[in-house]
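# Residue-level structure breakdown
Here is what each chain is made of, one letter per residue.
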Amino acid sequence: LLGDIMDFYSLSRFDKDPSKILCLQDDIDATVEYFERLRSITNVPIIYSQGNHEARYQRFLWSRAAELSNLQNMRFESLVKLDQFKIKWVTDRNPYKVGKLLFTHGDLVRKWSGATARGHYEKYGCSVIHGHTHRMGAFYHSTMSGTYGAWENGCLCSLKPEYMIGPDWQNGWSVVWFSGAYFHVEQVVIANKQYVYHGSMVKIA
């Protein structure tokens, strides 16, 4: 999970719908429900990378309630019960590798699909998959030492946020296949409430 799973809408800095300002508990409950559903279908290890949306919570505590920020039950991991679901939490300062592929939320945004993926490749100097842009995209680069790739991982959120008109976002996700030192990233794009996976069309109600 490459971050921005939980929005923390009520703690964001942009102008907000007043009717949604006091919805923090609903946000937390929806996240916990998502983890419950996820764990109901799989027992595989899950790693959750902090995104800039999750970082809104820490920023709010540090600026508005610093005295509460070190309480055990106020930690983000406790709020969404990560221990209960056996989900490993990774902060935004700690990207990690599986084999030769680096996983991170990311902190760059550039125009056009694939451009931010390239930016993260240039930043880290290795193959990388990231979130943050809410966009699908890929970048490839070959040198004398081999072929490298970088991928933007899309999003599963609404493509019509109230604070932006017509964002260049795409719904979708990536499946990474590993075989020894080799890996392959397969991107699944949702368009018009449908997607193709392994040759089959899947329609979303």
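This text follows the structure it describes.
Residues numbered from 1 in each chain as written. Predicted model: local features only at pLDDT ≥ 70, side-chain atom pairs only at ≥ 80, totals over all residues. Heavy atoms only, no water.

Pairing analysis gives 9 bridges linking strand β8 (residues 171-179) to strand β9 (residues 182-190), with the strands arranged antiparallel. Bridge pairing in β9 links F178 to F183. (Pairing = 2+ DSSP bridges. Helix = DSSP H or I, 4+ residues; strand = E, 2+ residues; numbered from the N terminus.)

In this section: the state of the cysteines. According to the stated counting rule, one finds 0 disulfides in the structure shown. In this structure C23 is a free cysteine whose sulfur lies 15 Å from that of C157, the closest cysteine sulfur available. Overall, the relative accessible area of 18% leaves C23 in the buried class. The thiol sulfur of C155 is not disulfide-bonded, and the nearest other cysteine sulfur, from C157, lies at 3.5 Å. (Disulfide = S-S within 2.5 Å. Buried < 20%, exposed > 50% of the residue type's maximum accessible area, 1.4 Å probe, protein only.)

Ranked by size, the top nonpolar core spans 19 residues in total, and within it Y48, F76 and V80 carry the most contacts. Looking at this core, the element that brings in the most residues is helix α1 (residues 24-41), giving 4 residues. Ignoring any residue separated from it by four or fewer positions in sequence, one finds F76 in contact with M6, F8, Y48, E54, Y57 and W89. Grouped together as the second largest cluster of nonpolar side chains are 9 residues, V90, Y96, L101 and F183 included. (Core = buried A, V, L, I, M, F, W, Y, C linked by side-chain atoms within 4.5 Å. Contact = heavy atoms within 4.5 Å.)

Our next topic: the environment of N43. For N43, the position within the fold is in the loop between α1 and β1 (46-49). Taking the relative accessible area as the measure of exposure, N43 reaches 73% and is therefore exposed. Sequence separation between N43 and K86 is 43 residues, and the spatial gap between their C-alpha atoms is 9.0 Å.

Here 5 strands make up an open sheet; going across it, the order is β3-β4-β5-β7-β6 and the pairing mixed. The open sheet has two edge strands, β3 (96-98) and β6 (136-143), and neither has a second partner. Adjacent strand axes in the sheet meet at a mean angle of 20 degrees when their direction is disregarded. Across 3 bridges, strand β4 (residues 101-104) lies against strand β5 (residues 128-130) in parallel orientation. Paired with L102 across the strands is V128, a residue of β5. Running at roughly 125 degrees to strand β7 (residues 146-153), helix α4 (residues 115-124) makes contact with β4, β5, β6 and β7 of the sheet. (Axes fitted to C-alpha atoms, helices over the stretch in contact; angles between N-to-C directions.)

Okay, α4 next. Those residues of α4 that sit buried are T116, A117, G119, H120 and Y121. Among the structural elements, β5, β6 and β7 are those in contact with the buried residues of α4. Two residues or fewer past α4, G125 is found with a positive phi of approximately 70 degrees.

Right, let's talk about α1 for a bit. Taking 1.5 Å of rise per residue, 18 residues should cover 26 Å, and α1 covers 27 Å from first to last C-alpha, within 8% of that figure. All buried positions along α1 are accounted for by D27, I28, T31, V32, F35, L38 and R39. Within α1, the buried residues cover an arc of 130 degrees as seen down the axis, which keeps them to one side. Exposed residues pointing more than 90 degrees away from the buried face of α1 are listed as D26, R37, S40 and I41. Looking at the buried side of α1, the elements it contacts are β1, α3 (76-79) and β2 (87-90). (Expected span 1.5 Å × (residues − 1). Arc of directions from axis to C-beta.)

Here we take up unusual backbone geometry. A positive phi is found at K86, a non-glycine position, where the angle reads about 55 degrees. Relative to the helices and strands, K86 resides in the loop between α3 and β2. On the accessibility criterion, K86 (69% relative accessible area) is exposed. Notably, N192 is not glycine yet its phi reads approximately 55 degrees, a positive angle. Following the sequence through the fold, N192 ends up in the loop between β9 and β10 (194-197).

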